[in-house]
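Spelled out, the chains give:
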Amino acid sequence: MKHIISALVQNKPGVLAHVAGMFAARAFNIDSLAVGRTDDPALSRMTIVVLGDDKVVEQVRKQLAKIIDVVKIQDFSGAEVVARDLMLLCVHTPPEKRPEVLALIEMFKAKVVDIGQKTIMVEATGPEEKIEALIEACKPYGIKNMARTGTVAMAKFSKNAPADNQ
Amino acid sequence: MSKTTTKGGCPQSPEEFPLKTGAEIVVDTLIEQGVDTMFGYLGGVVLPLFDKLYDAPINFIIPRHEQGGCHMADGYARATGKVGVIIATSGPGACNLITGIANAMMDSVPMVALTGQVRTDLIGNDAFQEADTTGITRPITKHNMIVKDVKDLQPAIREAFYIAKTGRPGPVLIDIPVDVSLAKCRETPLTGISLPGYKLQQSGHSRQIKIAAATINKSEKPVLYVGGGVITANASEELRTFAKKANLPVTMTLMALGAYDQTQAESLDMLGMHGSAYANYAVQESDLLIAVGARFDDRVTGKLKTFAPNAKIIHIDIDPSSISKNVHVDIPVVGDAKFILAELTKEIEYRPRKDWFDKIAEWKSKYPFKYDTASANIKPQYVIEQIWEATKDNAIIVTGVGQHQMWTAQFYKQTKPRHFITSGGLGTMGFGLPAAIGAQVACPDALVIDIDGDSSFNMTMNELCTAVQYELPIKVCILNNGYMGMVRQWQELFYGKRYSKSSLRNPEFAAVAEAFGAVGITVDKKNDVKTAIAKMLAEKRPCLVDFRVEREENVWPMVPTGKSLHEMDGLSIFESMS
Ligand SMILES: Cc1ncc(C[n+]2csc(CCOP(=O)(O)OP(=O)(O)O)c2C)c(N)n1
Ligand SMILES: [Mg+2]
């Protein structure tokens, strides 16, 4: 099962290595890991998608919390969250297939960001299922290249939803 | 310089603090943190630090190898509860600390390691004696950091001590490039430490404590399962009051020996792979297991699926990640054992539990630790019993790793905390001698005895020279079976007696001791054991006794790996000896 964990970490050298090393040393399974800045320059946010049952995820959470440079952890399992992936996808598109592929991209509400002689580069964001579906739909034409950010996520607003800046 | 008024002679603004080099800041901050003793070895990039140590009021012990120094700092910390401090140079010096740091990490020993590093502008260039020390030690430290700006040095050292000794203690490493030691800056005023990612849970949830107490009060067949955390938390007194008031049988892990007085009737002694049959049976039959500062290590639980199958589990621990890691816990209480045991004591009631204690007494009388006392050979257990008879609860006992370690745990009854020092989690051969030296440095007037194995001793015996140099009157008792005994036992039991590479040619240990300037004694007759021990104890110098013990003795009982705790081998041997 996939669980999304969001960790606020000190923006210091070695923290990413520490988190990644801990996952490897404890044989936890990472599906994706995305790191980026936050509004506070001293802090970064890591969004980690972990594979495992509830017991594994509980250990992941506790082991993350044990790392001194990890400031705060949210486990989004079971919470109402918005989770998004960003993907760049380069699809093989000979001129005769162009209308078809463009229609497909349109259907997925994705964006064309570059057009080559025989390729189209698409930018797509959305929930993971949508991204996966777009990949499947493009496969028959031939995928030349693909880059994904991994999931980033945030809890939906509710009175109880945790916020970093109170 | 800005002109702020100075009250009572104390600098009020940072500008008024004097300029100091990084090296001066390091030494002054160590002293500020209460360090009066440290261990370490020299090298190019730590020379600025050693220059400041030249006339610092710090008792400095130089080992013969950085690993030895690290184990000394560890032994010092375990004997006192204070932070052990070790310093080493970059590259090879830092790498030689690895085993010692990992050992301290596994057993939650408070330690600060300072390592020198190459100049900041050389880092990453494969410079002479460069190693990625923080990278290498990240998984074996509680925390580590490299300080690249002298301004960050003083806060880093203060944080290191704070992190090392609070919560679940552990080693913290600070890597200091040589140019940072030489750079100058002003001291930082001593302010509160701000570590937003480091939260300590001390007091335990009061509702959880109430639930735990109610569960204990209802239980018919409880067992108190005590781990090293109780010693770390200095909670032995609270443990005793709690166990006596609630009337509970108490078993301890290897790390916890001494946390509860083993001469008391309710002590079940050690549990686990080589634990007592009565402890293991009691755990397996219990209806409630109260774990305090223990972590359900595989050497303790045996086969997890069938561990304490009928028991509810209460787990008191300061480290939330220990809870429900290996075993599902019904009632977790996160916090400091000292505080929580005291709170629990208020809530619990005495209960006679006569049937349960009768049953335990029956196991105890049927399966005490045994060996062939009639043998004409020197049995290793006999030597330990004789050491116990001669010293009782008067000695700090340190061990290497192997059979001798287990026999010491079985046959030397501990009565006080911090009097049994052994490498539990990592099981580091070679720990005994240097850890004994560290303990003796910490407690100059104490009787410190390293009960060691021949192979373990071989690994770090160069440190005998350190004991001689600093006039540390440690005693070393080698239970010399001419084997890596524990390995030989496994080969006998699980590899068809094929003793592949498990015996080494030993030197004449007594002659080696004499060459180092210590006293050496060899004992090869059972009749001489007592006299040799008496002679050793009367000796004012470091003294080694080489006991030529029965070569192929085994440690019993034994729960083979993968078996349940009650499936112990060797009990029939016990019965045949009665
Ligand atoms: C550094 C290290 N290397 C290897 C081992 C594996 N090991 C565990 S016990 C043992 C044999 C110990 O022999 P000795 O010190 O003579 O003690 P004995 O078992 O004979 O009492 C070995 C090799 C270890 N624990 N530590
Ligand atoms: Mg041996």
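Residues numbered from 1 in each chain as written. Chains lettered and ligands numbered in written order. Predicted model: local features only at pLDDT ≥ 70, side-chain atom pairs only at ≥ 80, totals over all residues. Heavy atoms only, no water.

(A) Highlighting a nonpolar patch on the surface. Residues and elements named next belong to chain A. There is a patch of nonpolar side chains on the surface, built from L102, V112 and I115 and spanning about 210 Å² of accessible area. Note on placement: L102 falls in helix 3 (residues 98-107). For L102, a relative accessible area of 34% corresponds to the partly exposed category. (Patch = residues over 30% accessible without salt bridge, like charges linked within 9 Å, V, L, I, M, F, W, Y side chains within 5 Å. Areas by Shrake-Rupley, 256 points an atom, 1.4 Å probe, with all protein chains shown as cover. Salt bridge = Lys/Arg side-chain N within 4 Å of Asp/Glu carboxyl O. Helix = DSSP H or I, 4+ residues; strand = E, 2+ residues; numbered from the N terminus. Buried < 20%, exposed > 50% of the residue type's maximum accessible area, 1.4 Å probe, protein only.)

(B) Inspection of the domain arrangement of chain B at higher detail. All names here are of chain B. What the domain assignment reports for chain B is domain 1 (6-186), domain 2 (206-366) and domain 3 (380-556). Using C-alpha coordinates to define each centre, domain 1 is positioned 31 Å away from domain 3. Both sides together, the interface formed by domain 1 and domain 3 hides about 2,000 Å², and carbon and sulfur atoms give 65% of it. Viewed at the interface, domain 3 and domain 1 are joined by zero salt bridges. Looking at the side of domain 1 that touches domain 3, the elements with two or more residues in it are strand 2 (37-40), strand 3 (59-61), helix 3 (66-80) and helix 5 (98-106). (Domains from an automatic or database assignment. Buried area = accessible area lost by both parts, 1.4 Å probe.)

(C) Looking closely at the sheet that holds strand 2 of chain B. Residues and elements named next belong to chain B. In space, the six strands of this open sheet follow the order 3-2-4-5-7-6, with parallel pairing throughout. The sheet terminates laterally at strand 3 and strand 6 (143-146), the two strands that pair on one side only. Neighbouring strand axes in the sheet, compared pairwise and without regard to direction, differ in orientation by 20 degrees on average. As paired elements, strand 4 (residues 84-88) and strand 5 (residues 111-117) share five bridges and run parallel to each other. Of the residues in strand 5, the one forming a bridge with I86 is A113. (Pairing = 2+ DSSP bridges. Axes fitted to C-alpha atoms, helices over the stretch in contact; angles between N-to-C directions.)

(D) Structural view of the sheet that holds strand 15 (residues 395-399) of chain B. Residue and element names in this part refer to chain B. Ordered in space as 16-15-17-18-20-19, the six strands form an open sheet in which the pairing is parallel. The two strands at the open ends of the sheet, each matched to only one other strand, are strand 16 (420-421) and strand 19 (519-523). Pairing geometry for strand 15 and strand 16, over two bridges, is parallel. The residue of strand 16 that forms the bridge with V398 is I421. Along the sheet, helix 18 (residues 432-442) contacts strand 15, strand 16, strand 17 (447-453) and strand 18 (475-480); its crossing angle with strand 17, the most-contacted strand, is approximately 175 degrees. (Contact = heavy atoms within 4.5 Å.)

(E) Up close: the site of ligand 1. Residue and element names in this part refer to chain B. Lining the immediate surroundings of ligand 1 are 17 residues, of which Q403, G427, D454, S456 and G485 lie closest. Between an oxygen atom of ligand 1 and a main-chain N or O atom of G485, the distance comes to 2.7 Å. Protein chains bury 77% of the 590 Å² of accessible surface belonging to ligand 1 in isolation. Of all the secondary structure elements, the ones that give two or more residues to the shell around ligand 1 are helix 17 (403-411), helix 19 (454-460) and helix 21 (485-494). Looking at the shell around ligand 1, the element that brings in the most residues is helix 19, giving four residues. (Near = heavy atom within 4 Å. Polar contact = N/O pair within 3.5 Å; in protein donor to acceptor, adjacent residues only side chain to side chain.)

(F) Region of interest: the coordination of the magnesium ion (ligand 2). All names here are of chain B. Taken together, the protein donors to the magnesium ion (ligand 2) comprise D454 (OD), N481 (OD1) and Y483 (O), at separations of 2.0 to 2.1 Å. Sequence positions of the residues that donate to the magnesium ion (ligand 2) give the spacing D-x26-N-x1-Y. A relative accessible area of 7% places N481 in the buried class. Taking relative accessible area as the criterion, Y483 reaches 10% and is therefore assigned buried. (Donors = N, O, S within 2.8 Å, 3.2 Å for Na, K, Ca; no water.)

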